[in-house]
Amino acid sequence: MSFGVLHGGKLALKRLVDYHKARADPATLEAAEMELRNLISEEQPDFKRLQGTVAKLEMSGKENIAISVLEEALRKSIDDNQPHEAYETEMLLVEMHIYKGDYWKALKYKCLKDEAISDDRRPLYKAILYVMVEDSKEAKKNWEEFQELRTLYQWPPGMQEDQIYKVITDFEEFEKVVRLLREDIKQVHEPGTKKF
């Protein structure tokens, strides 16, 4: 697993951009819950694969299942004194709460407060969350911190033409994508709305 990709925020940004294009195969979505339980129970979980599996559950409207499994894994990581696993699991929980629309709950996780760790996801997720709750000042501050931290990681050549690159270099573009995401989340969670 490439920590540069995972901690560099590229995976999280790709998920944000791809969300709008997501249309999943029902059989793949049905298998996602079992896949999540299997992956999270491994001695050293592959968090990149876990994030993809969690994404499948979110797309199928099974955020609560993913949150429940992840919260159980978080408690176990804390009890077993596995700080790395606890941190990564919290990051997955933050992402799930974003897609569930529980923005204030997501902001309470310890992983978003730990500034000692150089992880682009922390300010990225906070910027997303503050756009969601319409606090542009905090969103911009965290987006700028994300800009500073992401320079520590190398992005592949040709990335400048990529839509992801545009989102991370232009706050207005970032804000626009996040606001579209917020509207999608609202629609999905309205009664009678069909999930992906």
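Higher on the page you've got the structure.
Calculation rules
Residues numbered from 1 in each chain as written. Predicted model: local features only at pLDDT ≥ 70, side-chain atom pairs only at ≥ 80, totals over all residues. Heavy atoms only, no water. Helix = DSSP H or I, 4+ residues; strand = E, 2+ residues; numbered from the N terminus. Buried < 20%, exposed > 50% of the residue type's maximum accessible area, 1.4 Å probe, protein only. Contact = heavy atoms within 4.5 Å. Salt bridge = Lys/Arg side-chain N within 4 Å of Asp/Glu carboxyl O. Core = buried A, V, L, I, M, F, W, Y, C linked by side-chain atoms within 4.5 Å. Phe/Tyr/Trp six-rings, centres within 6.5 Å; stacked < 30°, edge-to-face > 60°.

### A few points about the overall build of the protein chain
On a plain count of helices and strands, the protein chain comes out with 11 helices and zero strands. Start at the N end of the protein chain and walk to the C end: the helices and strands fall as α-α-α-α-α-α-α-α-α-α-α. For the protein chain, the residues scored as buried account for 48% of the 196 residues in total. In the protein chain, the share of contacts with a sequence separation of at least 24, taken over all contacts with a separation of at least 6, comes to 68%.

### Side note on the side chain of Q51
If you trace the backbone, Q51 turns up in helix α4 (residues 47-59). With relative accessibility at 6%, the residue Q51 sits in the buried group.

### Section: the pattern of salt bridges
Per the counting criterion, the structure on display carries 12 salt bridges. A salt bridge links K76 to D80; the nearest nitrogen and oxygen atoms lie 2.6 Å apart. A residue is classified by how much of its surface remains accessible, and D80, at 40% relative accessible area, is partly exposed. Between R182 and E134 there is a salt bridge, with its nearest N and O atoms 3.5 Å apart. Placement of R182 in helix α11 (residues 171-188) and of E134 in the loop between α8 (121-132) and α9 (136-150) is noted, with a sequence separation of 48 residues between them. What you see here is one network of salt bridges that share partners, running through E134, R182, E183 and K186.

### With respect to the environment of L107
Take L107: it is sitting in helix α7 (residues 103-107). For L107, a relative accessible area of 12% puts it in the buried group. Spatially, the C-alpha atom of L107 lies 8.9 Å from that of Y130, the residues being 23 residues apart in sequence. If near-sequence neighbours (up to four positions away) are discounted, L107 is found in contact with L112, K113, K126, L129 and Y130.

### Some thoughts on the nonpolar core
Counting residues in each nonpolar core, the largest one holds 46 residues, and the members touching the most others are V94 and F174. Looking at this core, the elements that each hand over two or more residues are α3 (26-40), α4, α5 (63-79), α6 (83-100), α7, α8, α9 and α11. Element by element, the count of residues in this core is highest for α6, at nine residues.

### Remarks on the packing of aromatic side chains
Tallying each qualifying case throughout the model produces two aromatic pairs. With a centroid separation of 6.0 Å and an interplanar angle of 35°, the aromatic rings of F171 and F174 are classed as tilted. Placement of the pair is F171 and F174 together in helix α11, with a separation of three residues, close to one helical turn. Residue class for F171 comes out buried when judged on its relative accessible area of 8%. A network of ring pairs unites the aromatic residues W143, F171 and F174 as a single cluster.

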